[in-house]
Amino acid sequence: MNTLNKCLWLIIIVAQCLFSACNGGGDDQTVDDDATNDDVDDDTIVNDDVDDDIDDDLDDDLDDDLDDDTADDDTADDDTFDDDTLPDDDTVPDDDTTPDDDSSDDDTVDDDTSAELFLIGADSGGYASWRQSEAGWQREAIPPPLIHGMYETLGPSFFVDGEQGWTSWNVVEHMSVTGFDLLTYDRRGWSHDLYHQTIARQIVYALFAPTTDDLWLTSETMLQAFHLWEYDGPEPQHRAAIYIGSMFTAMFFPDPDSGLMAGRTNGAAGFLKRWQDGAWSLVPLPTGYEYGQFHSMWLTDVHNGWFVWDNGYYADRRLFRLSNDVWQEIAAPAACPNSEPNEVVGNDDYAIVLAIDGAVGYFWEFRDDEWSCRQIIGPAGAARFKQALVNRNGRVFLLTFGSLHNYKVYEVLADSVQEIAVPAHDELYSLHALGPGAPRASVGVAPQ
């Protein structure tokens, strides 16, 4: 065959190959067999690339991110494995239909509403917490105190944004206060908080943290003098003092720069103080209720929130709502005429009020702009309320206790109240949640 015929024959072969590739033929019907550059898409399943074979490299998928992302968040090839050594790992088209929904590989989607329940209590092994998980309740021991005394008791607890929590060991001698140890919790478990300095000869009465970097602590001396401290670093900054005969009752800080503190003087006159711009100012109490105290409150900001008032002796209890600094008293919902409020938890458009008439399981609920009277149906005396939890994902839970330390957790649904199985325990002190769907603030009382 002469030279001209050879050239014509080669041209015919190349044309046939190109025609076969363009019409779905050729060797590209199986798992990628590229050993050399065939410049033909050979993915056997839906590939997220519009055309992944426009390059001239041996590997036809090194970086050709012309995928279906509306806002491409990949900095390199979005395949976990090079699809020229394994079958293309994208078993479905790329899951992005919106801009990047997480900070890592966009083939997994963050669940921004998940939350795990978290309990603090005690069992035969001592003080502990239990974290809810798909595998069940996971027990985590609470470390013993670093300082010791005659009485070593667990203090109040607090969790912020479902990310970080605190509690304390309060250590007391026979006739004097020794001090306290702070403990902190994150996903790694409990540890001693060695960052925040403790305060000599005082114990922790209450905790609050608007952010993980700003912790408020109310301390109490043996003579029942109360002090309010802020940690915006390792050292406590003294913010207020409430001396002998007066009483600190509640605090809530929606952000590091503002909050409310409530209490009463030794003459039973109540007060409500607003922290803003680094100073305190008095907030007028509802007319006719100047003598008494707010012992529970839940704020959206320092001008709006829910409050439970009593006459200073935890009797004659009333519920108030503050809306743009205007007070409104809330009457008990129908069917709950003798049920007085005790604690309130909520948000902008939802509130749950625990009643002191807990022996019959009544509670108030504000849902869809209406108040209703709800009840836990069960044995008499089996549903005395200890704490409520209102998650940002819309789920609501109650911690109750009955005779013989019979603690229970319930979920409050729109049309029912359902019991949730809890771990084996002797006592349960507080209920919190972990994860992005948890409440921004979760307050737990100290063991009684």
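Everything below is about the structure printed above this text.
Residues numbered from 1 in each chain as written. Predicted model: local features only at pLDDT ≥ 70, side-chain atom pairs only at ≥ 80, totals over all residues. Heavy atoms only, no water.

A. A look at the overall build of the protein chain. From N to C terminus, the protein chain includes 1 helix and 30 strands. Of the contacts made within the protein chain by residues no fewer than 6 positions apart, 44% connect residues no fewer than 24 positions apart. Here the protein chain has roughly 22,100 Å² of accessible surface; of this, 54% comes from carbon and sulfur atoms. (Helix = DSSP H or I, 4+ residues; strand = E, 2+ residues; numbered from the N terminus. Contact = heavy atoms within 4.5 Å. Areas by Shrake-Rupley, 256 points an atom, 1.4 Å probe, with all protein chains shown as cover.)

B. Structural detail: the sheet that holds strand E28 (residues 417-420). In space, the 4 strands of this open sheet follow the order E25-E26-E27-E28, with antiparallel pairing throughout. Because the sheet does not close on itself, it has two edges, and the strands there are strand E25 (384-390) and E28. Going from strand to strand, the sheet's axes swing by 30 degrees on average, the running direction of each strand aside. Relative to E28, strand E27 (residues 407-412) runs antiparallel, the two being bridged by 4 bridges. Paired with Val412 across the strands is Val417, a residue of E28. (Pairing = 2+ DSSP bridges. Axes fitted to C-alpha atoms, helices over the stretch in contact; angles between N-to-C directions.)

C. Up close: the state of the cysteines. Considering all chains together, one arrives at 1 disulfide under this definition. The partner cysteine of Cys336 in its disulfide is Cys373, sulfur to sulfur 1.6 Å. In this structure the cystine formed by Cys336 and Cys373 twists about its S-S bond by roughly 55 degrees; its chirality is therefore right-handed. Here Cys336, found in the loop between strand E20 (326-330) and strand E21 (341-346), pairs with Cys373, found in strand E24 (residues 370-375); they are 37 residues apart in sequence, far enough to count as distant. For Cys373, a relative accessible area of 21% puts it in the partly exposed group. (Disulfide = S-S within 2.5 Å. Buried < 20%, exposed > 50% of the residue type's maximum accessible area, 1.4 Å probe, protein only.)

D. Inspection of the environment of Leu207 at higher detail. When you line up the elements, Leu207 lands in strand E9 (residues 203-211). Sequence-wise, Leu207 and Ala250 are 43 residues apart; in three dimensions their C-alpha atoms are separated by 9.9 Å. Once residues lying within four places of it in the same chain are set aside, the contact partners of Leu207 are Pro156, Ser157, Phe158, Trp166, Thr167, Leu182, Leu215, Trp216, Leu217 and Met251.

E. View of the pattern of salt bridges. All told, the structure shown has 13 salt bridges when counted by the stated rule. Here Arg188 makes a salt bridge to Asp186, at a shortest N to O gap of 2.6 Å. Arg395 serves as the salt-bridge partner of Glu411, at 2.8 Å between the closest nitrogen and oxygen. Pair noted here: Glu411 is in strand E27 and Arg395 is in the loop between E25 and strand E26 (396-401), with a separation of 16 residues, a long-range link. With relative accessibility at 11%, the residue Glu411 sits in the buried group. (Salt bridge = Lys/Arg side-chain N within 4 Å of Asp/Glu carboxyl O.)

F. The arrangement of the sheet that holds strand E29 (residues 427-434) in detail. The strand order across the open sheet formed by 4 strands is E3-E2-E1-E29, and the pairing between neighbours is antiparallel. Edge positions in the sheet fall to strand E3 (136-141) and E29, since each of these pairs with one other strand and no more. On average, each strand axis in the sheet is inclined to that of its neighbour by 25 degrees, with strand direction left out of account. Bridge analysis of strand E1 (residues 116-123) against strand E2 (residues 126-133) gives 6 bridges, and the strand direction is antiparallel. Residue pairing for E2: Ala122 is matched across the bridge by Tyr127.

G. Summary view of the nonpolar core. Judged by nonpolar contacts, the single largest core of 58 residues is most densely connected at Leu217, Leu272, Phe294, Phe307, Ile352 and Leu398. Counting residues per element, this core draws most heavily on strand E13 (residues 247-255), at 6 residues. (Core = buried A, V, L, I, M, F, W, Y, C linked by side-chain atoms within 4.5 Å.)

H. Structural detail: the side chain of Arg317. Residue position: Arg317 is located in the loop between strand E18 (304-310) and strand E19 (318-323). In this structure Arg317 is buried but unpaired, with Glu340 as the nearest side chain of opposite charge at 4.6 Å. A polar side-chain atom of Arg317 sits 2.4 Å from a polar atom in the side chain of Asn342. Beyond its immediate stretch of four places on either side in the chain, Arg317 contacts His295, Trp309, Asp310, Glu340, Pro341, Asn342 and Ile356. (Lys, Arg positive; Asp, Glu negative; His and termini not counted. Polar contact = N/O pair within 3.5 Å; in protein donor to acceptor, adjacent residues only side chain to side chain.)

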